[in-house]
Amino acid sequence: MAAAAGGAPLIETVGLARRYALGDATVHALVDATLRIDAGELVAIVGPSGSGKSTLMNLLGCLDRPTAGVYRLDGREVGGLDGDARAEIRNRRIGFVFQSFNLLARTTALENVELPLYYGPLPLAEQRPRAEAALARVGIAHRAHHVPSRMSGGEQQRVAIARALVGDPALVLADEPTGNLDSRTSGEIMTMLVELNRATGVTMVIVTHDPEVAAATDRVLEFRDGRIVADTPAAPRHGARTRATRAEA
Amino acid sequence: MSAGPGGAKLLVMTARTAARALRRNRLRSGLTMLGMIIGVASVIAMVSVGAGADRFVQQQLASFGTNIVMVIPGAVTSGGARSGWGGASTLTVADADALARVPELAAVTYSRRQVLQVIYGSANWSTVVQGVTDEFERVRDWQVASGGFFGERHEKSGAKVAVLGQTVARHLFGPGQDPVGAIVRIKNVPFKVIGVLAAKGQSSWGQDQDDVVMIPFSTAERRVMGAGILGTVEMIYASARTTADLPVAADAIATVLRQQHHIGHGQEDDFTVRTLEDMTGASAAASEVMGNLLLAIASISLLVGGIGIMNILLVSVTERTREIGLRMAVGAKARHILLQFLTEAAVLSMTGGLVGVATGLAATHLIGRLAQWPTALEPASLAASFLFSGVVGIFFGYYPAYKASRLDPIEALRWE
Ligand SMILES: Nc1ncnc2c1ncn2[C@@H]1O[C@H](COP(=O)(O)OP(=O)(O)O)[C@@H](O)[C@H]1O
Ligand SMILES: [Mg+2]
């Protein structure tokens, strides 16, 4: 876990940009994104389709490299790192939750959750207990030996959240995690994500179209045409409460 | 891999993943392995046939008497046919005596042979009667099973004694009957059986070497094989002191005989010096052809098998693009993905290799049984062809694995 005293920046970007060359044209998917997210924050990103939300998430997740600008994670410049170094950061510091779950269909829930541990430093013998604990934390331990194809969407997304958490990351990035779920299940998943943030202090960035979801977070970033057009902190909740909850835990 | 125990752990996980991926597509994996199986099986059959032929030749050399050199009358033409055969022999007892003085030679003997009836009581058997000197036993390294061989005094005195081969003894005498001491008749001449030779089995040209009766050369010449000029021999056998001496010994024999026969420079020899290796060469050549054929099959099969593995891995990489993207997202480095697909290639090809080894063993057994081809299994070749199957798999698996490892995680995750 990030040894984050409140207010310590986990993420800092300065003038971050991502352009795609499309034939002769250039697509400015992300333009001049300057932003700071502190350890323990729960941030929602909203905006119309094609406004650059996923582009930012990919950059924050070290899946992609910025065309311009600076990205510091834990105070370390990571935007220019090579593939292996970025893979290592993804493995140790970041967990992903995808809209389409991205579970291995014919592999049990438990083994799906173990997957990030294959590529990490944890000894083989400690992998299984860790994965079991992660499944228990999302309330789905009883489904550990089932394969995702026999599970409901909500269950699958819980398995995916367990996979994101199993490596004890500092940052969880969820790009439209409820986009494939019905509204009741969406509510459950969102409640779970918020609770996880409150209980463990893991920093969380969630892309969503749902205003209700956004309302449940500390801070809302609004995107339009590749730019951050609004950054609305939910002031009374941020900071003190997060730290207080963590102290209880 | 991250330093230390991470490597071993990853290898375990990777092997497990590979085995699972291949089990999921049993039929596809099986068909892909077919080339590997045929290739490895051919390699093993090839080596077994080759080794069998080698061992057969060695056995022949050993059974005929080690370090032996034979001299036969007449020259061998370039086509391999012999001239001067059928006429009076050009080799004489005097030639053999001259050869006995060659220092490279340990022993020299000579023989004449004729197919004759051998009679014992009411039983008779047509066999090769061979007149040889007492040195024969030493030259051909052929022991007696019972009784003894004749000695110099029998040769000198032209004694009417005989040593029977196993086949002859079996046909003339009943079971439990000891031939030693019995009197047999050859061309109405009574011979006292003084020994029975140990069994030798078949020669490399399929002759029963035990179907023979040995009598002293002098007795044969005077009493049994009347026709022909006195003092001529049909064949001279000499043994070199060591196997290494064989070529030198063969040269020395030729030199002495050319002197004996007054053959000048540039004139053709009227005799042929042969070592047993020359004679077994023909059967070795036949199995070499068989071996080369199998080598061709093996090479083509391994090539086809390798391409099959490459093809199936390319399909697999495409099918599993999303999985690759996900693995990358959760921390797999390019080399982890590379290793994973290389492992799949190796598991695929080595499983094929293992089945190929089993098939090769069965094929070798069948070749030995049905074609009566001599075969010998070489454990080293089993291990080597198994490992080679892995090498082929990794070689052909490299390109698909490399392709997978170069995928962009974002695009791979978006793959439909
Ligand atoms: N690989 C790519 N090549 C070209 N254009 C891209 C690529 N990825 C995204 N874009 C473009 O970048 C813009 C932002 O996309 P994205 O970040 O996915 O939007 P959002 O997630 O907000 O819907 C869009 O116009 C999209 O078409
Ligand atoms: Mg998007």
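Higher on the page you've got the structure.
Residues numbered from 1 in each chain as written. Chains lettered and ligands numbered in written order. Predicted model: local features only at pLDDT ≥ 70, side-chain atom pairs only at ≥ 80, totals over all residues. Heavy atoms only, no water.

Draft legend 1. The arrangement of the overall build of chain A in detail. A count of helices and strands for chain A gives eight helices and 10 strands. In chain A, which comprises 249 residues, the proportion classed as buried is 54%. If you take every contact in chain A between residues at least 6 apart in sequence, the share linking residues at least 24 apart comes to 69%. Looking at chain A, you have 28 positive and 29 negative side-chain charges, and the mean spots of the two groups are 1 Å apart. (Helix = DSSP H or I, 4+ residues; strand = E, 2+ residues; numbered from the N terminus. Buried < 20%, exposed > 50% of the residue type's maximum accessible area, 1.4 Å probe, protein only. Contact = heavy atoms within 4.5 Å. Lys, Arg positive; Asp, Glu negative; His and termini not counted. Charge placed at Lys NZ, Arg CZ, Asp CG, Glu CD.)

Draft legend 2. Highlighting the overall build of chain B. What chain B contains, in helices and strands, is 13 helices and 12 strands. Among the 416 residues that make up chain B, the fraction classed as buried is 49%. Counting only contacts in chain B whose residues sit at least 6 apart along the sequence, the fraction spanning at least 24 positions is 77%.

Draft legend 3. Examining helix H2 (residues 83-93) of chain A more closely. Regarding H2(A), the residues found buried are Arg86(A), Ala87(A), Ile89(A), Arg90(A) and Asn91(A). On the buried face of H2(A), the contacting elements are strand E4 (68-73), strand E5 (76-77), strand E6 (94-97) and helix H3 (109-118) of chain A together with helix H10 (321-329) of chain B.

Draft legend 4. Local environment of the packing of aromatic side chains. Residues and elements named next belong to chain B. One pass over the full model with this rule turns up 10 aromatic pairs over all chains. Residues Phe136 and Trp142 carry aromatic rings whose centres are separated by 6.5 Å and whose planes lie at 40 degrees to one another, so their mutual orientation is tilted. We classify Phe136 as buried; its relative accessible area is 1%. Each ring, one from Phe395 and one from Phe396, has its centre 5.2 Å from the other, and the planes form 80 degrees; the classification is edge-to-face. (Phe/Tyr/Trp six-rings, centres within 6.5 Å; stacked < 30°, edge-to-face > 60°.)

Draft legend 5. The arrangement of the site of ligand 1 in detail. All residues in the neighbourhood of ligand 1 are listed as Tyr20(A), Val27(A), Ala29(A), Pro48(A), Ser49(A), Gly50(A), Ser51(A), Gly52(A), Lys53(A), Ser54(A), Thr55(A) and Arg414(B). Near ligand 1, residues from chains A and B are present, making the site a shared one. Within the backbone of Gly50(A), an N or O atom sits 2.7 Å from an oxygen atom of ligand 1. A distance of 3.2 Å is found between an oxygen atom of ligand 1 and a backbone nitrogen or oxygen belonging to Ser51(A). Protein burial of ligand 1: of its 560 Å² of free accessible surface, 70% is covered by the chains. Contributions of two or more residues to the shell around ligand 1 are made by strand E2 (25-38) and helix H1 (53-60) of chain A. In terms of residue count, H1(A) provides more of the shell around ligand 1 than any other element does, three residues in total. (Near = heavy atom within 4 Å. Polar contact = N/O pair within 3.5 Å; in protein donor to acceptor, adjacent residues only side chain to side chain. Areas by Shrake-Rupley, 256 points an atom, 1.4 Å probe, with all protein chains shown as cover.)

Draft legend 6. Quick look at the packing of helix H5 (residues 153-165) of chain A against helix H6 (residues 183-200) of chain A. Residues and elements named next belong to chain A. Close contact between H5 and H6 brings their axes to 10 Å; oriented N to C, the two are set at 20 degrees. As summarised for this structure, H5 and H6 are arranged roughly parallel, according to the angle between their axes. The hand of the H5/H6 crossing is right-handed. Contacts from Gly154, Gln157, Arg158, Ile161 and Leu165 of H5 reach H6 at Thr185, Glu188, Ile189, Met192, Leu193 and Leu196. (Axes fitted to C-alpha atoms, helices over the stretch in contact; angles between N-to-C directions. Parallel < 35°, antiparallel > 145°, perpendicular 65-115°, else oblique. Left-handed = near helix turned anticlockwise from the far one by under 90°.)

Draft legend 7. Highlighting the pairing of strand E1 (residues 68-73) of chain B. Residues and elements named next belong to chain B. For E1, the tally of buried residues reaches six of six residues, placing the bulk of the element in the interior. Residues Ile68, Met70 and Ile72 line one face of E1 and the alternating positions Val69, Val71 and Pro73 line the opposite face, and both faces are buried. Pairing of E1 with strand E11 (residues 235-240), which is carried by four bridges, proceeds in the antiparallel orientation. Bridge pairing in E11 links Val71 to Ile236. Of the strand pairs in this sheet, E1 and strand E12 (residues 271-275) are connected by five bridges, and their pairing is antiparallel. Counterpart to Val69 in the pairing with E12 is Thr275. (Pairing = 2+ DSSP bridges.)

Draft legend 8. View of a positive patch on the surface. A surface patch of positive charge is lined by Arg106(A), Arg23(B), Arg24(B) and Arg26(B). Examined against the element boundaries, Arg24(B) turns out to sit in helix H1 (residues 6-24). A residue is classified by how much of its surface remains accessible, and Arg24(B), at 32% relative accessible area, is partly exposed. (Patch = residues over 30% accessible without salt bridge, like charges linked within 9 Å, V, L, I, M, F, W, Y side chains within 5 Å. Salt bridge = Lys/Arg side-chain N within 4 Å of Asp/Glu carboxyl O.)

Draft legend 9. View of the environment of Phe101(A). Among the structural elements, Phe101(A) can be located in the loop between E6 and H3. By relative accessible area, Phe101(A) is classed as buried at 10%.

Draft legend 10. Quick peek at the nonpolar core. Grouped together as the largest cluster of nonpolar side chains are 76 residues, with contacts concentrated most on Tyr71(A), Leu73(A) and Leu171(A). Tyr71(A) has contacts with Ile11(A), Glu12(A), Thr13(A), Leu16(A), Leu59(A), Leu60(A), Cys62(A), Arg76(A), Glu77(A), Val78(A), Gly79(A) and Leu171(A), leaving out every residue within four places of it along the chain. (Core = buried A, V, L, I, M, F, W, Y, C linked by side-chain atoms within 4.5 Å.)

Draft legend 11. Focus on the pattern of salt bridges. Under the definition given, this model contains 24 salt bridges over all chains. Linking Arg335(B) and Asp84(A) is a salt bridge whose minimum nitrogen-to-oxygen distance equals 3.0 Å. Here the residue Arg335(B) occupies a position in helix H11 (residues 334-370), and Asp84(A) occupies one in helix H2, the pair thus bridging two chains. A relative accessible area of 33% places Arg335(B) in the partly exposed class. For Asp84(A), a relative accessible area of 28% puts it in the partly exposed group. Residues Arg224(A) and Glu222(A) are paired through a salt bridge, measuring 3.1 Å at the closest nitrogen-oxygen approach. Using a relative accessible area of 28% as the deciding quantity, one classes Glu222(A) as partly exposed. The structure contains a network of salt bridges with shared partners spanning Arg320(B), Glu323(B), Arg327(B) and Glu344(B).

Draft legend 12. Broad picture of the interface of chain B and chain A. In this complex, chain B contributes 24 residues to the contact, which on the side of chain A involves 28 residues. When chain B packs against chain A, close to 2400 Å² is buried across both sides, 57% of that on carbon and sulfur atoms. On the surface where chain B and chain A come into contact, there are three salt bridges. Between Arg20(B) and Glu111(A) there is a salt bridge; the shortest N-O distance is 2.7 Å. Across the chain B-chain A interface, the total number found is nine residue pairs in polar contact (both at pLDDT 80 or more). Of all the secondary structure elements, the ones that give two or more residues to the side of chain B that touches chain A are H1, H10, H11 and helix H13 (409-414) of chain B. The leading source of residues in the side of chain B that touches chain A is H1(B), at seven residues. Here the residues of the side of chain B that touches chain A sort into 12 nonpolar, four polar and eight charged. (Buried area = accessible area lost by both parts, 1.4 Å probe. Nonpolar A, V, L, I, M, F, W, Y, C, P; charged D, E, K, R; others polar.)

Draft legend 13. Main features of the sheet that holds E4(A). Residue and element names in this part refer to chain A. Spatial strand order, E2-E1-E4-E5: four strands in an open sheet with antiparallel pairing. Each having just a single partner strand, E2 and E5 make up the two edges of the open sheet. Both E4 and E5 contribute to a ladder of two bridges, which runs antiparallel. Residue pairing for E5: Arg72 is matched across the bridge by Glu77.

Draft legend 14. Focus on the pairing of strand E3 (residues 105-120) of chain B. Residues and elements named next belong to chain B. As paired elements, E3 and E11 share six bridges and run antiparallel to each other. Paired with Val108 across the two strands is Ala238, which belongs to E11. Sheet topology note: the E3/strand E4 (residues 123-132) ladder contains 10 bridges and is antiparallel. Of the residues in E4, the one forming a bridge with Gln117 is Ser126. Linking two consecutive strands that pair antiparallel, namely E3 and E4, is a turn of two residues; a positive phi of about 60 degrees is found at Gly121 within it. With two bridges joining them, E3 and strand E7 (residues 183-186) adopt antiparallel strand pairing. In the sheet register, Ile119 faces E7, and the bridge partner there is Arg185.

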